[in-house]
Amino acid sequence: MNNVLFSLGSLTLFKSALVITLGVILCSVLSLSLYKRSTGNTEAVWVLLPMAYLFSVIFARFLHWYFTEFAYNSFWQAFTDFSVGSFALAGVILGVWLAALIVHKTGFCDNRGLLLDCLAPGLCILVAFIRLSCWFTGSCIGNRNLESALLKWKPLAIAVTDNAGNVDYKLRVYFMEAVLMLVLLVLMLKLLKKLGSVRMQKPCAQDGNVARIFLVLFAVIEVVMDSLRNDSILMRFRFLHQMNPYSSFISLAQIFSLILLICVFVYYLSCSIRIYGFDKGHVGAILLFLLCGVLMGGTGEFCIQRFGSIRFLFTVRTWGYLSMLGGAAGMVKLILTQYRHCRN
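All values derive from a computational prediction rather than experimental measurement.

Conventions and cut-offs
Residues numbered from 1 in each chain as written. Predicted model: local features only at pLDDT ≥ 70, side-chain atom pairs only at ≥ 80, totals over all residues. Heavy atoms only, no water. Helix = DSSP H or I, 4+ residues; strand = E, 2+ residues; numbered from the N terminus. Expected span 1.5 Å × (residues − 1). Buried < 20%, exposed > 50% of the residue type's maximum accessible area, 1.4 Å probe, protein only. Pairing = 2+ DSSP bridges. Contact = heavy atoms within 4.5 Å. Core = buried A, V, L, I, M, F, W, Y, C linked by side-chain atoms within 4.5 Å. 1 Å grid on protein atoms, 1.4 Å probe; cavity = no way out; pocket = protein on both sides within 12 Å on 5 of 7 lines; lining within 4 Å. Points joined across faces, edges and corners; volume = space filled by probe spheres on them. Salt bridge = Lys/Arg side-chain N within 4 Å of Asp/Glu carboxyl O. Axes fitted to C-alpha atoms, helices over the stretch in contact; angles between N-to-C directions. Parallel < 35°, antiparallel > 145°, perpendicular 65-115°, else oblique. Left-handed = near helix turned anticlockwise from the far one by under 90°. Nonpolar A, V, L, I, M, F, W, Y, C, P; charged D, E, K, R; others polar.

Participant: I keep staring at helix H7 (residues 209-228) and nothing clicks. Help me out?
Facilitator: Structural remark: α-helix, 3.6 residues per turn; residues separated by three or four positions point the same way. End to end, H7 covers 29 Å across 20 residues, agreeing with the expected 28 Å (1.5 Å per residue, within 8%). With 19 of its 20 residues buried, H7 lies for the most part within the structure.

The following block contains the structure:
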């Protein structure tokens, strides 16, 4: 797959880089516009954007280098040669969060929650364009062949030729996630307009709820999409991998997504407990959340990873995805329920 758009001597411009740059520009413009509409100024966003993009690149490449060191000749290459290797999308979320924290701590904005709320729709665009950039790199495609002719149409499937000349069709996972992120963009814009007038009970923060809901929905999208990929970043902790080469079947994207879900759930649960006191409803919510985690990871992803390649266990593989979707939907429902408990 040709990813080179322009080459002159040692200067090479890649098509994927151009797509990501377009996403960065659109994300920046939308974030500036939304923050100005909410506060009347854009100073905080102008300060945040350079740091956010710098931190995002550093974290995204570092995570990819650490868990896939075999893809690089050296640590230095990971940060000087972007034609090699890839990135971990978790680094983008971490980079934006750290930049927002610094902007808040240095006094450029006094409401970090509102700042993050205004960044959420722009992040939807950025993630969508990052995934669309995979159109030119051949990454982020399905890990199984598509058998049905109904699925073998170009936006959804890509033809892959192996060394023997056989042509198989794989799912364009990046295209599916890009579409889902654009749908999430519309939802975030509606929530930003709607939730601005919603009053929260103390100690739940008045702002930052759009950003938290974005993290929840982004996390469940990542969990499912990452399970479909053939190049998922596995958490190869080196000291464990040396002892047991088969210890690295856990996906970085899925673990990071689970952490996001837990953090947001704990935040709203703790606020609800402080408002109403601890009762059996909270116990039930905790137990159901744990059950959803087991459905999503234990009986979902575990079945897919362990039995997904065995043809006669089609029903097990199907159950794995249904379990994962059910667990993810249950987590979203529980988190939104706890959020509503904190509203006036």
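Structure's up, so let's keep going.
Participant: Which parts of the structure should I look at to understand the pairing of strand S4 (residues 167-171)?
Facilitator: For a regular strand, side-chain orientation follows a simple rule: the groups alternate between the two sheet faces. Relative to S4, strand S3 (residues 157-161) is paired through 5 bridges, and the arrangement is antiparallel. Across the sheet, alanine 157 pairs through a bridge with leucine 171, a residue of S4. From the end of S3 to the start of S4, which pair antiparallel, there are 5 residues, and glycine 165 there has a positive phi angle of about 90 degrees.

Participant: Is there a simple way to think about the environment of valine 45 in this case?
Facilitator: Here valine 45 shows up in helix H2 (residues 43-67). The spatial distance from the C-alpha of valine 45 to the C-alpha of serine 31 is 7.3 Å, given a sequence separation of 14 residues. Discounting chain neighbours no more than four positions away, the residues touching valine 45 are Ser31, Leu32, Tyr35 and Leu115.

Participant: What exactly am I supposed to notice about unusual backbone geometry here?
Facilitator: Note that the residue after lysine 202, namely proline 203, is joined by a cis bond; omega there is 15 degrees. Residue position: proline 203 is located in the loop between helix H6 (173-194) and H7. Residue cysteine 140 is not a glycine yet carries a positive backbone phi of 60 degrees. You can see cysteine 140 is positioned in the loop between helix H5 (112-132) and S3. When its relative accessible area of 0% is taken as the criterion, cysteine 140 is described as buried.

Participant: Teacher, can you tell me more about the environment of alanine 159 here?
Facilitator: With respect to the helices and strands, alanine 159 occurs in strand S3. Spatially, the C-alpha atoms of alanine 159 and lysine 170 are 6.5 Å apart, while their sequence positions differ by 11 residues. Those residues within four positions of alanine 159 in sequence are excluded, and the remaining contacts are Val167, Asp168 and Tyr169.

Participant: What exactly am I supposed to notice about the nonpolar core here?
Facilitator: The nonpolar side chains of soluble globular proteins are, as a tendency, buried together. Formed by 97 residues in total, the largest nonpolar core has its most connected members in Leu48, Leu115, Met181, Met188, Phe214 and Leu261. Setting aside residues no more than four positions away along its own chain, methionine 181 makes contact with Cys124, Val127, Ala128, Phe214, Phe218 and Ile221.

Participant: Would you take a moment to explain empty space enclosed by the protein for this structure?
Facilitator: Empty space among the atoms becomes visible once a probe the size of a water molecule is rolled across them. In total, this model carries 2 cavities of 30 Å³ or more according to the counting rule given. In this structure, the largest cavity encloses a volume near 140 Å³. If you trace the largest cavity, you find 15 residues lining it, with Ala88, Leu89, Glu222, Ile233 and Ala253 closest to the centre. When residues of the lining of the largest cavity are traced back to their parent elements, those giving at least two are H7 and helix H9 (252-276).

Participant: Can you help me understand the pattern of salt bridges in this one?
Facilitator: Side chains that differ in sign of charge can pair as their charged atoms come close. Enumeration over the complete set of coordinates arrives at 3 salt bridges. The partner of arginine 131 in a salt bridge is glutamate 177, and the shortest N-O contact between them spans 3.0 Å. Taken together, the residues arginine 131 in helix H5 and glutamate 177 in helix H6 connect sequence positions 46 residues apart. For the pair arginine 131 and glutamate 177, a shared accessibility class is recorded, and that class is buried. For the salt bridge of glutamate 222 with arginine 131, the shortest nitrogen-to-oxygen distance reads 3.2 Å. In this pair, glutamate 222 sits in helix H7 while arginine 131 sits in helix H5, placing the two residues 91 residues apart along the sequence. Taken individually, glutamate 222 and arginine 131 each receive the classification buried, so the pair is uniform in this respect. Taken together, the shared-partner salt bridges in this structure form one network comprising Arg131, Glu177 and Glu222.

Participant: What is the right way to read helix H4 (residues 90-105) from this model?
Facilitator: If you check H4, its first and last C-alpha atoms are 23 Å apart, about what 16 residues at 1.5 Å a residue would give, namely 22 Å. Buried positions along H4 lie against H2, H5, H7 and H9. The positive-phi residue at the C-terminal boundary of H4 is glycine 107, with phi of around 85 degrees.

Participant: It is not clear to me how the packing of H6 against H7 should be interpreted in this structure. Could you clarify?
Facilitator: Helix packing for two helices is described by the angle between their axes and how far apart those axes are. In contact at an axis separation of 11 Å, H6 and H7 are set at 165 degrees when each is read in the N-to-C sense. Taken together, the axes of H6 and H7 lie roughly antiparallel to each other. Between H6 and H7 lies a crossing whose hand is right-handed. Contacts between H6 and H7 involve Val173, Met176, Glu177, Leu180, Met181, Leu184, Leu187, Met188, Leu191 and Leu192 on the former and, on the latter, Val210, Ile213, Phe214, Leu217, Phe218, Ile221, Glu222, Met225 and Leu228. The residue inventory of the contact of H6 with H7, partitioned by class, reads 17 nonpolar, no polar and 2 charged.

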